[in-house]
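# Descriptive structure summary
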Amino acid sequence: MDQEIKDKYIRAGKIAGEVRDYAKKITKPGKKILDIAEAVEALIKAKGAEIAFPINISINDIAAHDTADRDDERIISENDVVKLDVGTHIDGYIGDTACTVAWLPEHQELIKATERALEEAIKLCTPGTNLGDISAIIEKTITDLGFKPIANLTGHGLGKYNLHAEPTIPNVGFKTSYTLQEEQPIAIEPFATIKDGAGLIKESTEKKIFMLINPKPVRNQNARQIIKIAEKRNGLPFPLRWVPASGVGLRIGLKELMDKNILYDYPVLKEVNTTPIAQSEQTIIVGEKPMVTTKTDNF
Ligand code: MN
Ligand code: MN
């Protein structure tokens, strides 16, 4: 990888890690998720990076793709298991990292299981490692600790303005001939739930995050407002929260864009058995000594 590009991955990763730690610090029972989202996204910009995706604040059985709406009144409760997934970029080169925070003692081991699985997987992020070995160690670590990995959520490669480049990195063992390459940027993200869980997520009908896939002219004023935000994203996702419209008008605009296949929507993902899910994620540049770009002293 070109040194200039590598430096951008490193800068984006450093900021993503710092912002993730900040998100964790301010996420407390009684706090509005809208306030967390706004503070976190402002900090990414203040630190000199861009937002790769709206912060995902996914609570309890919600695994991913939830975030605050403009008028979101949801408040964190001390019973919650809160996943905070932060993405930054510098000129399209991404840092992607997530942690989970909870306050009840019964949730701490679940969180630790995903952290431990991530640590074990990172040790294998060396050139020539078969991808199946990474998936297998994630599954084994989580299972040995008495929990269940989420089988249909995966880590992934990263590319310029591409959040989900090849390869896909499953959280359960699988057979492949794919091996990691020197300096390849990847994100590893074990998700786990408790034994009563299905170990699977399903798509819900709720959608908070969208992405422009197929730009076309539209007439509807609300649809145009949404496209205006979408076009500034270079193909990266954005939340409805950023669109200065609301209510019926927003819904009509959105429907037109979905009907015309202009936008892609990310459904909110939920555990099939509604059990709580934890997630831990870091961005890594593969090497003899793997470089965790999103690492801080805290995580
Ligand atoms: Mn992520
Ligand atoms: Mn990711």
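Residues numbered from 1 in each chain as written. Chains lettered and ligands numbered in written order. Predicted model: local features only at pLDDT ≥ 70, side-chain atom pairs only at ≥ 80, totals over all residues. Heavy atoms only, no water.

### Overview of the overall build of the protein
For the record, the criterion: Each helix is a run of H or I in the DSSP string that is no shorter than four residues. Each strand is a run of E no shorter than two, and both are numbered from the N terminus. The atom set for the radius of gyration is the C-alpha atoms, and the globule formula is 2.2 Å times the number of residues raised to the power 0.38. Note on classification: 1.4 Å probe, protein chains only; a residue is buried when its accessible area is under 20% of the maximum for its type, exposed when over 50%, partly exposed between these limits. The contact definition used throughout considers only heavy atoms, calling two residues in contact when any of these lie within 4.5 Å. Only the protein chains shown count as covering a residue, and every accessible area follows the Shrake-Rupley method with a 1.4 Å probe. Positive charges come from Lys and Arg, negative ones from Asp and Glu, while His and the chain ends are left out of the count. The atoms used to mark charge sites are NZ of Lys, CZ of Arg, CG of Asp and CD of Glu.
A tally of regular secondary structure across the protein gives 6 helices and 15 strands. Since a compact globule built from 299 residues should have a radius of gyration of about 19 Å, the 19 Å found for the protein is in line with a globular shape. Along the first, second and third principal axes, the C-alpha atoms of the protein reach 55 × 45 × 35 Å. Counting all 299 residues of the protein, 56% fall into the buried class. A sequence separation of at least 24 residues applies to 76% of the contacts in the protein between residues at least 6 apart. Looking at the protein as shown, the accessible area adds up to about 13100 Å², and 50% of this sits on carbon and sulfur atoms. In the protein, which carries 39 positive and 43 negative side-chain charges, the distance between the mean positions of the two groups comes to 4 Å.

### Quick look at the coordination of the manganese ion (ligand 1)
Condition: Only nitrogen, oxygen and sulfur atoms within 2.8 Å of the metal, or 3.2 Å for Na, K and Ca, are treated as donors, and water is left out, so sites may look incomplete.
Within the first shell, the manganese ion (ligand 1) binds the protein through D85 (OD), D85 (OD), D96 (OD) and E281 (OE), at distances of 2.1 to 2.4 Å. Coordination of the manganese ion (ligand 1) draws on donor residues from a single chain, spaced D-x10-D-x184-E in sequence. The manganese ion (ligand 2) is placed at 3.1 Å from the manganese ion (ligand 1), the two being bridged by D96. Taken together, the positions of D85 in strand β3 (residues 81-90) and E281 in the loop between β13 (277-279) and β14 (282-285) put the pair 196 residues apart, joining distant regions of the chain. The exposure class of D85 is buried, given its relative accessible area of 8%.

### Concerning helix α1 (residues 3-26)
Put simply, the test is: The span expected for a helix works out to 1.5 Å for each residue beyond the first. Here a polar contact is recorded for every N or O atom pair within 3.5 Å, except that within protein the pair must consist of a potential hydrogen donor and a potential acceptor, and residues adjacent in sequence are included only if both atoms are side-chain atoms.
For α1, spanning 24 residues, the distance from its first C-alpha to its last is 35 Å, which sits close to the expected 34 Å at 1.5 Å a residue. The backbone nitrogen of E4 lies 3.0 Å from a side-chain oxygen of the residue at the head of α1, namely D2.

### A closer look at the side chain of K6
Inspection of the secondary structure assignment puts K6 in helix α1. In terms of polar contacts, K6 uses its side chain to reach the side chain of E183, at 2.7 Å. Setting aside residues no more than four positions away along its own chain, K6 makes contact with M1, E183, I285 and M291.

### Here we look at the sheet that holds strand β12 (residues 263-271)
What counts is decided by this rule: The criterion for strand pairing is that DSSP finds at least two bridges linking the strands in question. Here, axes are lines fitted to C-alpha atoms. For helices the fit covers the stretch in contact, and angles between N-to-C directions go from 0 to 180 degrees.
As summarised here, the arrangement of the 4 strands in space is β2-β12-β10-β11, forming an open sheet in which the pairing is antiparallel. Two strands close off the open sheet at either side, each with one partner strand: β2 (62-64) and β11 (238-239). On the sheet, helix α6 (residues 247-259) packs against β10 (201-212) and β12 and is oriented at approximately 100° with respect to β12.

No statement about biological role is implied by the geometric values presented.
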